[in-house]
Amino acid sequence: MKGIITMLLLVLSFIGTHAQHTSRQDFTSNWKFRLDSTGSYHHNGVDDAQWRTLNLPHDWSIEGTFSKDHPATAGGGALPGGTGWYRKHFNLPATDKGKTILIHFDGIYKNAEVWVNGNYVGKRPNGYISFHYDITPHLVYGGANVVAVKVDNLKQPNSRWYSGSGIYRNVWLTKLDKLHVEQWGTFVTTPKVSNQSATVSIETNVRNQYAFNKAFVLNTTIYKATGGVAARASTKANAGSKITAAHKQVLEIKQPHLWSVDNPYLYKVVSQVVVNGKVVDTYETPLGIRYFHFSPTKGFSLNGNSLKIRGVCNHHDLGALGAAINTRALERQLELLKAMGCNGIRTAHNPPAPELLELCDKMGFIVMNETFDMWEKQKSPFDYHLDWHEWHKQDLTDHVLRDRNHPSVFVWSVGNEIGEQWGDEKKADTSGRRIARALVSIVKSIDTTREIVTANNETGEWNQLIRSGAFEMIGYNYHHDEWAKVPERYPGKTFIVTESTSALQTRGHYDHLPFDSIRRWPKRWDIAFTHPEGAYTVSAYDNVSTPWGSTHEESLKALKQPHVSGMYIWTGFDYLGEPTPYSWPARSSYFGIIDLAGFPKDVYYLYQSEWTSKPVLHIYPHWTWKQGDTVDVVAYYNNADEVELLLNGKSLGKRAKTGDNLHVKWRVLYEPGKLEAISRLNEREVLRKEIKTAGKPARVNLKADRNTIAADGKDLSFVTATIVDKDGVMVPTANHLIKFKVDGAAFIAGVDSGDPVSHEPFKADKHTALNGLALAILQSTGAKGKATLTASVEGLESSTITIQTR
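Every value quoted in this text rests on a predicted model; they were computed, and no experiment measured them.

Thresholds, definitions, all that
Residues numbered from 1 in each chain as written. Predicted model: local features only at pLDDT ≥ 70, side-chain atom pairs only at ≥ 80, totals over all residues. Heavy atoms only, no water. Phe/Tyr/Trp six-rings, centres within 6.5 Å; stacked < 30°, edge-to-face > 60°. Helix = DSSP H or I, 4+ residues; strand = E, 2+ residues; numbered from the N terminus. Lys NZ or Arg CZ within 6 Å of the ring centre and 35° of its normal. Pairing = 2+ DSSP bridges. Axes fitted to C-alpha atoms, helices over the stretch in contact; angles between N-to-C directions. Parallel < 35°, antiparallel > 145°, perpendicular 65-115°, else oblique. Left-handed = near helix turned anticlockwise from the far one by under 90°. Contact = heavy atoms within 4.5 Å. Nonpolar A, V, L, I, M, F, W, Y, C, P; charged D, E, K, R; others polar. Expected span 1.5 Å × (residues − 1). Buried < 20%, exposed > 50% of the residue type's maximum accessible area, 1.4 Å probe, protein only. Polar contact = N/O pair within 3.5 Å; in protein donor to acceptor, adjacent residues only side chain to side chain. Salt bridge = Lys/Arg side-chain N within 4 Å of Asp/Glu carboxyl O.

**Student:** Honestly, the packing of aromatic side chains in this entry has me stumped. Any pointers?
**Tutor:** For any pair of aromatic rings, the description consists of the separation of the ring centres together with the inter-plane angle of the planes. All chains considered together, the criterion is met by 38 aromatic pairs. Considering the side-chain rings of Phe 515 and Tyr 541, the 5.6 Å spacing of their centres and the 75° angle between planes classify their relative orientation as edge-to-face. Taken together, the residues span a long stretch of sequence, with Phe 515 in the loop between β28 (494–501) and β29 (519–520) and Tyr 541 in the loop between β29 and β30 (544–545) at a distance of 26 residues. Following the ring pairs from residue to residue traces out a cluster consisting of Tyr 41, Trp 51, Trp 85, Trp 115 and Tyr 120. One Lys or Arg, Arg 332, reaches over the ring of Phe 718 and ends 4.1 Å from the middle of that ring. Its end group placed over the ring of Phe 365, Lys 338 keeps NZ or CZ at 4.7 Å from the ring centre.

Okay, here's the thing in structure tokens:
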């Protein structure tokens, strides 16, 4: 039985990991918090008994009130910043004396300063970077300790999107022997890979903090996903006093399981430092064995097979949860994208939470991992350009060191729409060329196994970053009509669309007819935010984009060119801030294929019909209109020759995609009843979908994405509230206030509807539906049992759902 339990624990430990010490401890519970821009609270004698007690990760901005007067502006989400203080009291046993103690922060927004027992440890301005400190000299062993963190997000705007505020990612405490693998101290590569064998090269940096030499053995084991051993190596070595040295081992795996987007098979490398037969340190590193190639003419291939990178860009916020990282919320986003046919993520425009890359490793996504949104030239008055000269080398180095072992990472991006890209023939050299070369040199000094790119919205011949000669890969933002020119303009260079589309939609809102009339909006920025239609909405038909962008269908057509390795759409999800084409009172974006609450817009099914092989048939819009209205009905489909549309049983004709169209449509004179679509292949029915006219709202229905969640205090259940008529048909225009109440082993972590103009708080127990839908996010309290959620609307029948916590 003991052996079975050991093997079970080993297999479970494979689920989502990044390079880390096994002695790492979760350090996120029971922190004290105070929002105060004037006081100083780093000394041990501070009385924090009356401060708020909370668990990390935490984003205080998302708890605030929307206002046009916040200095972040609508572009930054119209939520408050400020200065926050965090303090944590903890005890260390006397037996820890003599160990090395590290504290690790996955990300703090921003200007984080850390003290331990009143001793200043350091400052990190970048709000997205992970960093750690050796706090050994400042600790009390066998007694009480205090960590204090000051987070300064007072000077705004410092971001072009919603940043959040606080210790919004996880915190860890690691206790180590003084002889140990250095943090981020392994680098695992696969220089030779075939279906028959894989050569695995492992470089391990071992640090000796003792005042004398230490003899040790470095044992490295590669485990299969099932827990069995794939390969082993053992190296005897001697560590000099106060020295960190690299130790290289080369192993071979026969008949390797290759990592791919459809079968993301993960091995795990376990490195053990052994002294006199005793294991003094264990360090784990993920391993996905794969080989890939970017071709100037044939695009991207993975494991020898041609593959289009079908990606999206995503900002880091999680809608109603704000910037506070939650693994389940990230997983839900990736599940929705995977079901759409997406296989790529661009971390726009900053280092992501480690958990995102763990999930991408596990679920099979091709990641473009981005570090900077600006270099020396500012985009916002108080952004990272102020810290560039002092910190960019360290931040880029730490980013690459942290993430270079993730098999999901295929491309490093060192800049997005950088101001230094602009130039002309009169400039012999510029800062853009100099910086580009320096950044590429930094990356290559740490990792030579991946492509490096910048995301360029200047596609002319005088782009200074491209002219630097530093990049083998060309990245374009938008300009879909110029993708075909890249092979001739940049012969021998590989090409990827770093950002595309920027189409605009409000979920469930339909106007701007006819469907085939394309609108580029806004034409002029000085009148961009005057809401000419008066409603702060954009039609959910795929016929509106920004002037620099394209519709979803236009982008998909251009992607089919063979030299285009792939594209990352702007964006997978709506996000807080940057509410183009509007400003206040809009406070979140319209760009997403999926709205802020996680409800798919209609174009989601366009991608599903093009990017998946599962049968798809989707028709829209809804069928609740005024008598006499003329409505364009659109269908996305695959695995069929044609689609027939019927209204109340009467055929309105069959349609098949012609030319390069990715849809079919009918112009229909509205009459109430049932609209039905049937897709057929070789005259045999494939799928049948129907939409019915809705009656008056009668009740609210609840449906959870997961009815059982972990009783760990972190897991989530996303519960959709739908307003329906007496027959269960969703009322597509219903915008009722829904009140939520939960009893038992969960609490309401957030509420939302996906409405870009709503100023209702996310941290609440009620929310107004947008076009029939709203969302309640339940989070487990940590207790086992059940949670009962009730949703009620005045004048309608209420609904209840039960979630089990285990």
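After presenting the structure, the write-up continues.
**Student:** What is the right way to read the sheet that holds strand β20 (residues 299–302) from this model?
**Tutor:** Picture the strands of a sheet paired through backbone hydrogen bonds; they go either parallel or antiparallel. Judged by pairing direction, the sheet is antiparallel, and its 3 strands sit side by side in the order β19-β20-β21 without closing on themselves. Looking at the sheet topology across the chains shown, the edges are occupied by β19 (292–295) and β21 (305–306). Relative to β21, β20 runs antiparallel, the two being bridged by 2 bridges. Considered in β21, the bridge of Leu 302 is made with Asn 305.

**Student:** Would you mind going over the packing of helix α2 (residues 327–340) against helix α3 (residues 354–363) with me for this structure?
**Tutor:** In helix packing, the relevant descriptors are the interaxial angle and the interaxial distance, both defined with respect to the helix axes. At a minimum axis separation of 10 Å, α2 and α3 run at an interaxial angle of 40°. Viewed along their axes, α2 and α3 adopt a mutual orientation that is oblique. For the pair α2 and α3, the sense of crossing is right-handed. Here Thr 327, Leu 330, Glu 331, Leu 334, Glu 335 and Lys 338 of α2 come into contact with α3, specifically with Glu 355, Leu 356, Leu 359, Cys 360, Lys 362 and Met 363. The residue makeup of the contact of α2 with α3, split by class, is 6 nonpolar, 1 polar and 5 charged.

**Student:** So what exactly am I meant to see when it comes to α2 here?
**Tutor:** Every α-helix carries 3.6 residues per turn, so stepping three or four residues along brings you back to the same face. The first and last C-alpha atoms of α2 sit 20 Å apart over 14 residues, in line with the 20 Å expected at 1.5 Å per residue. By the burial criterion, the buried members of α2 are Arg 328, Ala 329, Leu 330, Glu 331, Arg 332, Gln 333, Leu 334, Leu 337 and Met 340. Tucked inside the fold, the buried residues of α2 contact β22 (309–313), β23 (344–346), α3, α9 (603–611), β41 (716–724) and β45 (773–780). For α2, the N-terminal capping position is held by Asn 326, with its side-chain oxygen 3.0 Å away from the main-chain nitrogen of Arg 328. Remark: Gly 341 follows α2 within two positions and exhibits a positive phi of approximately 105°.

**Student:** What's the story with the pattern of salt bridges in this structure? I'm lost.
**Tutor:** Pairing between side chains becomes possible if they bear opposite charge and their charged atoms approach one another. Evaluation of the coordinates by the stated rule reveals 40 salt bridges. Salt-bridge contacts for Arg 328 lead to Asp 705; the nearest nitrogen and oxygen are separated by 2.8 Å. Here Asp 705 lies in the loop between β39 (699–704) and β40 (708–709) and Arg 328 lies in helix α2, a separation of 377 residues in the sequence. Its relative accessible area of 33% is what places Asp 705 among the partly exposed residues. Lys 557 is the partner of Asp 660 in a salt bridge, and the nearest nitrogen-oxygen pair spans 3.6 Å. In this pair, Asp 660 is assigned in the loop between β35 (650–655) and β36 (664–669) and Lys 557 in helix α8 (residues 552–559), connecting sequence segments 103 residues apart. Members of the salt-bridge network, linked through shared partners, are Arg 328, Glu 331, Glu 335, Lys 362 and Asp 705.

**Student:** Looking at this structure, how should I read the sheet that holds β23?
**Tutor:** Spatial strand order, β26-β25-β24-β23-β22-β31-β28-β27: 8 strands in an open sheet with parallel pairing. Every other strand in the sheet has two partners, leaving β26 (451–455) and β27 (473–477) as the edge strands with one partner each. Neighbour-to-neighbour, the strand axes of the sheet open up by a mean angle of 25°, direction not taken into account. Strand direction decides the pairing type here: β23 and strand β24 (residues 366–370), joined by 3 bridges, are parallel. The partner of Ile 345 across the bridge, within β24, is Val 367. Relative to the sheet, α9 contacts β22, β28 and β31 (564–570), its axis offset from that of β31 by approximately 160°.

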